[in-house]
Amino acid sequence: MSLLVVGLSHRSAPVSVLERASLAADTQAKLLQDTLAAEPATEAAVLATCNRIELYADVDKFHAGVAELSTLLAQHSGVGLDELTPYLYVHYEDRAVHHLFSVACGLDSMVVGEGQILGQIKDALARGQELHTAGRLLNDLFQQALRVGKRAHSETGIDRAGQSLVSFGLQQLAAGADPGLWARGKRALVIGAGSMSSLAAATLARTGVAEIVVANRTRSRADRLVEILQQGDDTTVRAHAVEMSAVGDELTRADVVVSCTGATGLVLTADALADALGVTLDAPAEAPAVTADPAPADVDQHAAWVENGSATSAPEAPRRVTLPAQSTGPVKLALLDLAMPRDIDGAAHRIDGVRLVDIESLADASADAPMAADVDQVRTIVADEVAAFGAAQRAAHVAPTVVALRTMAADVVAGEIARLDGRLPDLDEKQRAEITQTVRRVVDKLLHAPTVRVKQLASEPGGAGYADALRELFDLDPQTVAAVSRADLNDPNRGRS
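Criteria and cut-off values
Residues numbered from 1 in each chain as written. Predicted model: local features only at pLDDT ≥ 70, side-chain atom pairs only at ≥ 80, totals over all residues. Heavy atoms only, no water. Pairing = 2+ DSSP bridges. Helix = DSSP H or I, 4+ residues; strand = E, 2+ residues; numbered from the N terminus. Axes fitted to C-alpha atoms, helices over the stretch in contact; angles between N-to-C directions. Contact = heavy atoms within 4.5 Å. Polar contact = N/O pair within 3.5 Å; in protein donor to acceptor, adjacent residues only side chain to side chain. Core = buried A, V, L, I, M, F, W, Y, C linked by side-chain atoms within 4.5 Å. Buried < 20%, exposed > 50% of the residue type's maximum accessible area, 1.4 Å probe, protein only. Arc of directions from axis to C-beta. 1 Å grid on protein atoms, 1.4 Å probe; cavity = no way out; pocket = protein on both sides within 12 Å on 5 of 7 lines; lining within 4 Å. Points joined across faces, edges and corners; volume = space filled by probe spheres on them. Nonpolar A, V, L, I, M, F, W, Y, C, P; charged D, E, K, R; others polar. Phe/Tyr/Trp six-rings, centres within 6.5 Å; stacked < 30°, edge-to-face > 60°. Lys NZ or Arg CZ within 6 Å of the ring centre and 35° of its normal.

> I'm lost on the sheet that holds strand β7 (residues 238-242) in this one. Help?
Two modes of strand pairing occur in sheets, parallel and antiparallel, and in both the strands are linked by backbone hydrogen bonds. Spatial strand order, β7-β6-β5-β8-β9-β10: six strands in an open sheet with parallel pairing. A strand with exactly one partner marks an edge of an open sheet, and here the two such strands are β7 and β10 (354-358). The mean angle between the axes of side-by-side strands here comes to 15°, regardless of whether they run parallel or antiparallel. Pairing analysis gives five bridges linking strand β6 (residues 211-215) to β7, with the strands arranged parallel. Looking across to β7, one finds that V213 is bridged to H240. Docked against the sheet, helix α11 (residues 195-207) engages β5 (187-191), β6 and β8 (256-259), running at close to 170° with respect to β5.

Given below as structure tokens:
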């Protein structure tokens with residue numbers, strides 16, 4: 001196993017860089033294809049969310065893999081390599097497995113314990129399978145990550161350590177008040193009809209808003225979301241859909257706006273929001289000084305950090321710049337921007353009567369959240385699962401060689417029995433069967449101890465070389481071993497939980 005992940009997230013990069021580095025669906029597909037075409041990579045998967053962009057690959061050369069994956073991320077994100085490199089982190093082999101399992105459990109999320117990431121990991125796996133870029137290693141890895149994430153949520157109280165971004169965002173909008181009391185009777189506008197917007201609409205409905213208006217570029221998807229909301233048994237919310245062109249009019253009647261689209265530009269400008277409220281946009285305050293970014297780190301330095309075991313992440317990101325305080329007067333319009341790149345103009349915070357919560361402010365608000373005992377329990381689960389996954393992968397690595405060895409032994413037995421038939425043609429069927437069974441028992445007994453032992457040794461750290469030793473000692477044809485591996489990978493029952 002030579003698993004490598006190169007990526008950036010809200011923990012390593014400022015929101016401004018994450019926004020620029022975001023990848024559209026077609027760009028993700030091209031990135032996967034180009035990664036597979038690169039010499040060091042034999043498998044690839046990309047996990048791209050509003051808070052992270054990570055490229056996973058099975059590589060045969062570590063340093064070349066780090067350089068290639070970093071370059072590909074820069075090329076497809078449109079952010080120059082020199083600018084992107086200081087924010088990249090690198091994880092390799094067991095550390096990479098530990099990272100993905102932690103992500104799946106919500107330990108690496110802005111809001112610890114949020115479950116939205118499981119759906120995004122599932123989508124990343126489906127994309128890799130559809131494009132045939134995810135092979136044995138990444139299929140096993142992502143499927144196990146999903147199981148580990150589900151285990152963490154079912155066996156611990158990690159859900160109590162934090163909520164989804166939507167729930168947490170609504171808490172921030174409520175500014176300390178009970179979200180249910182705060183939302184009661186309000187009129188909400190939801191812009192977008194994707195997974196996050198759908199989650200937002202459902203959360204708003206359960207929270208107690210009186211009415212939800214859904215706007216989306218594809219009207220049919222907005223209509224479908226409205227239909228789902230109206231079918232819910234746990235809400236009585238009124239809901240209807242409108243065209244995107246009607247957003248300006250809907251703003252004049254909305255109390256709460258949640259936006260999460262795939263747009264590359266702003267969906268709501270500060271001027272449009274000011275017009276909807278009938279107020280004048282305040283002049284911008286003097287921009288605070290920004291500490292210069294650190295000098296770009298060389299890509300090879302990331303490889304050195306991992307190889308030496310001294311660190312597995314990039315240098316600390318520059319300190320975020322705090323925006324001027326929002327208006328302390330009555331809130332006329334509450335805005336929740338869950339998109340990356342952002343949908344709502346950050347200058348909206350200067351509009352009197354507007355409260356804006358976005359990805360960056362959510363990160364700031366959740367940074368000092370207390371860690372519950374449940375989080376420690378999940379970390380223990382992750383550590384145990386990483387060890388088990390590593391052992392299983394190492395054992396799986398030697399399994400095709402063991403199968404090939406037993407196949408070769410069976411061929412030897414068959415050949416010797418055929419030769420015996422030629423020498424002793426007068427043997428009756430009973431005698432021939434008894435001799436055949438005896439020879440097979442002898443071969444099985446001779447192979448039993450070494451094959452069991454080699455599986456045990458291979459499952460331990462550093463045991464990957466036992467498969468190579470077995471092939472060398474018994475002069476096994478590498479093509480035969482590879483054929484066993486391909487047959488196992490194509491087994492339709494493989495990987496089912």
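Once you've had a look at it, read on.
> Any chance you could explain the side chain of T261 here in plain terms?
Here T261 is to be found in the loop between β8 and α14 (270-277). At a separation of 3.2 Å, a polar atom in the side chain of T261 contacts the main-chain amide nitrogen of A263. For T261, the contacting residues outside a window of four places in its chain are I191, G192, V267, A339 and D343.

> Even after reading the chapter, I still don't get the sheet that holds strand β1 (residues 3-9), so can you show me in this structure?
The strand order across the open sheet built from four strands is β2-β3-β1-β4, with neighbouring strands paired in antiparallel fashion. Two strands close off the open sheet at either side, each with one partner strand: β2 (41-48) and β4 (89-92). On average, each strand axis in the sheet is tilted by 15° relative to the strand beside it, whichever way the strands run. As paired strands, β1 and strand β3 (residues 52-59) are joined by seven bridges and run antiparallel to one another.

> Can you walk me through the nonpolar core in this structure?
If you look at the biggest cluster of nonpolar residues, it comprises 71 residues, and the most contacted ones within it are L8, L165, I212 and L338. Setting aside residues up to four positions removed in sequence, I212 forms contacts with A188, V190, A201, L204, A205, L229, V237, R238, A239 and H240. Counting 35 residues, the second-largest nonpolar core is a separate cluster that includes L146, V148, V386 and F389.

> Would you mind showing me how to read α14 here?
In an α-helix, one turn spans 3.6 residues, which is why side chains three or four residues apart end up on the same side. Buried within α14 are the following residues: A270, L273, A274 and A276. The buried residues of α14 occupy an angular sector of 160° when the element is viewed end-on, so they sit on one face. Buried residues along α14 sit against α13 (247-251) and β9 (333-337).

> I would appreciate a short explanation of the pairing of β8 in the present structure.
Note on strand geometry: in a regular strand, side chains alternate between the two faces of the sheet. Taking every second residue as pointing to the same face, both faces of β8 are buried, with V256 and V258 on one and V257 and S259 on the other. The pairing of β5 with β8 spans four bridges and is classified as parallel. Among the inter-strand pairings, L189 is bridged to a residue of β8, identified as V257. Relative to β9, β8 is paired through four bridges, and the arrangement is parallel. Bridge pairing links V258 to L336 in β9.

> Hey, could you run me through empty space enclosed by the protein in this one?
To find the voids left in a structure, one rolls a probe of water-molecule size over its atoms. Going through the model one piece at a time under the given rule, you end up with two cavities of 30 Å³ or more. Around the largest cavity sit 15 residues that line it, and T49, N51, S109, E114 and Q120 are the ones nearest its centre. Counting residues per element, the lining of the largest cavity draws most heavily on helix α6 (residues 116-130), which supplies three residues. A breakdown of the residues in the lining of the largest cavity according to their chemical character gives six nonpolar, six polar and three charged. Empty space within the second largest cavity amounts to approximately 40 Å³. Taken together, V15, E19, A339, M340, P341, R342, D358, I359 and E360 make up the full set of residues lining the second largest cavity. Of all the secondary structure elements, the ones that give two or more residues to the lining of the second largest cavity are α1 (15-21) and α16 (359-366). A breakdown of the residues in the lining of the second largest cavity according to their chemical character gives five nonpolar, no polar and four charged.

> For this particular structure, what's the right way to read the environment of K186?
On the secondary structure map, K186 appears in the loop between α10 (179-183) and β5. It is 7.8 Å that separates the C-alpha atoms of K186 and A254, two residues lying 68 residues apart in sequence. If we ignore the near neighbours within four places in the chain, the residues touching K186 are V209, A210, E211, D255 and V256. Side-chain polar atoms of K186 contact the backbone oxygen of W182, separated by 2.5 Å.

> So what exactly am I meant to see when it comes to the packing of aromatic side chains here?
Two aromatic rings, taken as a pair, are described by how far apart their centres are and by the angle between their planes. With the rule as written, the count across this model stands at three aromatic pairs. Centroid distance F101 to F389: 5.9 Å. Interplanar angle 80°. Geometry classified as edge-to-face. Here F101 is found in helix α5 (residues 94-104), whereas its partner F389 is found in helix α17 (residues 373-423), with 288 residues between them in sequence. The two residues F101 and F389 agree in class, both being buried. For K186, the ring lying beneath its charged end belongs to W182, and the centroid distance is 5.0 Å.

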